[in-house]
Amino acid sequence: MSSLVQGLIKSLAMTVLSEVGDNTFFATAILAMRHPRRPVLLGCLASLSVMTVLSALVGWATPNLISHKWAHHITTLLFFVFGLWSFWDGIKDDGDDDEFAEVEAKLNAELNSDKGTTKKKSKDDDELKRQKRSFLSQFFSPIFLKAFSVTFFGEWGDKSQLATIGLAADENPFGVILGGIIGQALCTVAAVLGGKSLASRISEKIVALSGGVLFIVFGIQSFLSTVES
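All values derive from a computational prediction rather than experimental measurement.

Calculation notes
Residues numbered from 1 in each chain as written. Predicted model: local features only at pLDDT ≥ 70, side-chain atom pairs only at ≥ 80, totals over all residues. Heavy atoms only, no water. Helix = DSSP H or I, 4+ residues; strand = E, 2+ residues; numbered from the N terminus. Expected span 1.5 Å × (residues − 1). Buried < 20%, exposed > 50% of the residue type's maximum accessible area, 1.4 Å probe, protein only. Contact = heavy atoms within 4.5 Å. Salt bridge = Lys/Arg side-chain N within 4 Å of Asp/Glu carboxyl O. Patch = residues over 30% accessible without salt bridge, like charges linked within 9 Å, V, L, I, M, F, W, Y side chains within 5 Å. Areas by Shrake-Rupley, 256 points an atom, 1.4 Å probe, with all protein chains shown as cover. Phe/Tyr/Trp six-rings, centres within 6.5 Å; stacked < 30°, edge-to-face > 60°.

Draft legend 1. Main features of helix H7 (residues 142–155). Along its 14 residues, H7 runs 20 Å from first to last C-alpha, staying within 8% of the 20 Å computed at 1.5 Å per residue. By the burial criterion, the buried members of H7 are Phe-144, Ala-147, Val-150, Thr-151, Phe-152 and Glu-155. Looking at the packing, one finds that the buried side of H7 touches helix H1 (3–19), helix H2 (23–34), helix H3 (37–65) and helix H8 (159–170). Following H7 by one or two positions, Gly-157 has its phi on the positive side, about 80 degrees.

Below you can see the structure in the form of structure tokens.
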């Protein structure tokens, strides 16, 4: 199996199991229920694609900053750590499936805050606000920007981002990017089309435990490759 295909498969599997049932998955589903689906889908996909590319670039650059041997050892350790992390998340999950409600409440609070600020301004200021809009908001809809920002900051520092960095340091970065984007696209489309009905059927416990198994398998494979070399 070529390094490109191997990186793609690992990244795809890791991304799907990390993102399904994640906070950003629920946030995407909620946004798609409240706004037109197209800008929500495009905003989330753009954000996740940018995050995947940035993470992979950091991972690709890591072996240039430290020796490839140490980068490989760190990646192997990260796989085991993320595996145990996922197992812990699955074990402590009490099955109440209240994460969707928590994310929805958070988005509601942000929305109410925005509405409160808007009501304080008169309609006479509309033209002035249009002129003062940021450069990006003149080319992208507010819904696109909201979906982009919610997803980007929700993923920043997340387990899947760190895992992508580690994977790109040890595998073909192009395969990691391609697999990550495909995986993110599958999860995002499922969240946008499935909405709350799909999100409410997802068992966070099973997803977390499955992700833990996958990370441990990656860790064992990485460790064995070190021993064989």
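Draft legend 2. Main features of H8. A rise of 1.5 Å per residue sets the reference length of H8, with its twelve residues, at 16 Å; its end C-alpha atoms lie 17 Å apart and thus fit the reference within 8%. Burial analysis of H8 places eleven of its twelve residues in the buried class, which makes it a mostly covered element.

Draft legend 3. Examining the pattern of salt bridges more closely. Within this structure, the stated rule accounts for one salt bridge. Across the pair Glu-171 and Lys-10 runs a salt bridge, and its minimum N-O distance is 2.9 Å. With Glu-171 in the loop between H8 and helix H9 (173–199) and Lys-10 in helix H1, the pair connects residues that are 161 residues apart, well separated along the chain. Comparing Glu-171 with Lys-10, the two get one shared label, buried.

Draft legend 4. Region of the structure containing a nonpolar patch on the surface. The grouping of Val-50, Val-53, Leu-54, Leu-57 and Trp-60 at the surface amounts to a nonpolar patch, some 430 Å² of accessible area in total. Looking at the element boundaries, Trp-60 is found in helix H3.

Draft legend 5. Representation of the packing of aromatic side chains in the model. Across all of its chains, the model carries four aromatic pairs by this definition. Look at Phe-152 and Phe-153: their rings are 5.6 Å apart centre to centre, the planes differ by 85 degrees, and that puts the pair in the edge-to-face class. Note on Phe-152: relative accessible area 16%, which makes it buried. You can call Phe-153 exposed: its relative accessible area is 62%. Taken together, the ring pairs connect Phe-144, Phe-148, Phe-152, Phe-153 and Trp-156 into an aromatic cluster.

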